[in-house]
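What follows is the residue order along each chain.
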Amino acid sequence: MAVREILKMGDPRLLRVARDVTEFGTPALRELVADMFDTMAEAKGVGLAAPQIGVDLQLVIFGFQRSERYPEAPAVPLTILLNPRITPLSSDEEEGWEGCLSVPGLRGVVPRYSRIRYEGFDLDGQPILREAEGFHARVVQHECDHLQGLLYPMRVRDFSRFGYTSVLFPELDPNADED
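The structure reproduced in this document is the subject of the present report. (Residues numbered from 1 in each chain as written. Predicted model: local features only at pLDDT ≥ 70, side-chain atom pairs only at ≥ 80, totals over all residues. Heavy atoms only, no water.)

What to know about empty space enclosed by the protein
Next, step 1: Per the stated rule, a full pass over the model turns up one cavity of 30 Å³ or more.
Next, step 2: The space that makes up the largest cavity amounts to roughly 130 Å³.
Next, step 3: Broken down by element, the lining of the largest cavity gets its largest block of residues, six residues, from helix 2 (residues 134-147).
Next, step 4: Here the residues of the lining of the largest cavity sort into six nonpolar, five polar and four charged. (1 Å grid on protein atoms, 1.4 Å probe; cavity = no way out; pocket = protein on both sides within 12 Å on 5 of 7 lines; lining within 4 Å. Points joined across faces, edges and corners; volume = space filled by probe spheres on them. Helix = DSSP H or I, 4+ residues; strand = E, 2+ residues; numbered from the N terminus. Nonpolar A, V, L, I, M, F, W, Y, C, P; charged D, E, K, R; others polar.)

Some thoughts on helix 2
Next, step 1: Relative to the 20 Å expected for 14 residues at 1.5 Å per residue, helix 2 spans 21 Å between its end C-alpha atoms, a close match to the ideal helical length.
Next, step 2: Burial runs high along helix 2: 13 of the 14 residues are buried.
Next, step 3: Following helix 2 by one or two positions, Gly149 adopts a phi angle in the positive range, close to 80 degrees. (Expected span 1.5 Å × (residues − 1). Buried < 20%, exposed > 50% of the residue type's maximum accessible area, 1.4 Å probe, protein only.)

Quick notes on the sheet that holds strand 8 (residues 162-164)
Next, step 1: The sheet built from three strands is open, its strands ordered 4-5-8 with antiparallel pairing. Each edge of the open sheet carries a strand with a single partner, namely strand 4 (93-98) and strand 8. Averaged over all adjacent pairs, the angle separating strand axes in this sheet is 25 degrees, with direction ignored.
Next, step 2: Bridge analysis of strand 5 (residues 106-113) against strand 8 gives three bridges, and the strand direction is antiparallel. Its bridge partner being in strand 8, Gly108 is matched across the sheet by Phe162. (Pairing = 2+ DSSP bridges. Axes fitted to C-alpha atoms, helices over the stretch in contact; angles between N-to-C directions.)

Topic: helix 1 (residues 27-42)
Next, step 1: With 16 residues, helix 1 extends 22 Å between its outermost C-alpha atoms, agreeing within 8% with the 22 Å of an ideal straight helix rising 1.5 Å per residue.
Next, step 2: Tucked inside the fold, the buried residues of helix 1 contact strand 1 (47-49), strand 2 (59-64) and strand 3 (76-88).
Next, step 3: Lys44 occupies a position one or two residues after helix 1 and carries a positive phi of about 60 degrees. (Contact = heavy atoms within 4.5 Å.)

Let's talk about the nonpolar core
Next, step 1: Counting 20 residues, the largest nonpolar core has Val60, Phe62, Tyr118 and Phe135 as the members making the most contacts within it.
Next, step 2: Going through the elements one at a time, strand 2, strand 3, strand 6 (115-121), strand 7 (127-133) and helix 2 are the ones with two or more residues in this core.
Next, step 3: Ranked by the residues each element gives to this core, the list is headed by helix 2, at six residues.
Next, step 4: Excluding residues that lie within four positions of it along the chain, Phe62 makes contacts with Met40, Val46, Gly47, Val76, Pro77, Leu78, Thr79, Leu81, Tyr118, His136, Val139 and Val140.
Next, step 5: Core analysis: the second largest hydrophobic core is formed by 18 residues, Leu32, Ala43, Leu48 and Leu57 among them. (Core = buried A, V, L, I, M, F, W, Y, C linked by side-chain atoms within 4.5 Å.)

What to know about the environment of Leu150
Next, step 1: Locating Leu150 in the fold gives a position in the loop between helix 2 and strand 8.
Next, step 2: Among all residues touching Leu150, those that are not within four sequence positions of it are Leu14, Asp145 and Arg155.

A short note on the pairing of strand 5
Next, step 1: Within strand 5, seven of the eight residues are buried, leaving the element largely enclosed by the surrounding structure.
Next, step 2: Judged from the six bridges that link them, strand 4 and strand 5 form a sheet pairing that is antiparallel. Directly across from Glu95, in strand 5, lies its bridge partner Pro111.

All quantities given are derived from atomic positions and should not be read as evidence of function.
Structure representation (structure tokens):
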């Protein structure tokens, strides 16, 4: 297990559409997931997509009990999700502040569907089907965007609500959005 380098906005690998996982439960896939959890923990993140560490696979991890980066956020179940699909359960959207390990030091208000169903597979290829709302739904949508080559600033609609975390949220740890 190892902490891997997180790619930063501007790296063209973050703009690619990732390919489907076709073999589940392999030692290489297990090692990749372990590295992703180590990397996410080291960066104090709430989620991580394989493309963020330069691996072109439809694989995201997310979840936490408590987050330093999002201290007001409710817990999200620890999840490994491969080949995900998201279905909005209504057209209702919620705006919320987002940051990203690939866009350190910045935050922006991003609209997301307020209620979703997500499905895919776990590490062993067993189906996952869940409904989520609020911050849980936001995290899933954010991480799955990475698999389509999208970074959250591409979804910001009002750039007057986009800026440096240290300016917008001076009460947060100044290193919370850095690697």
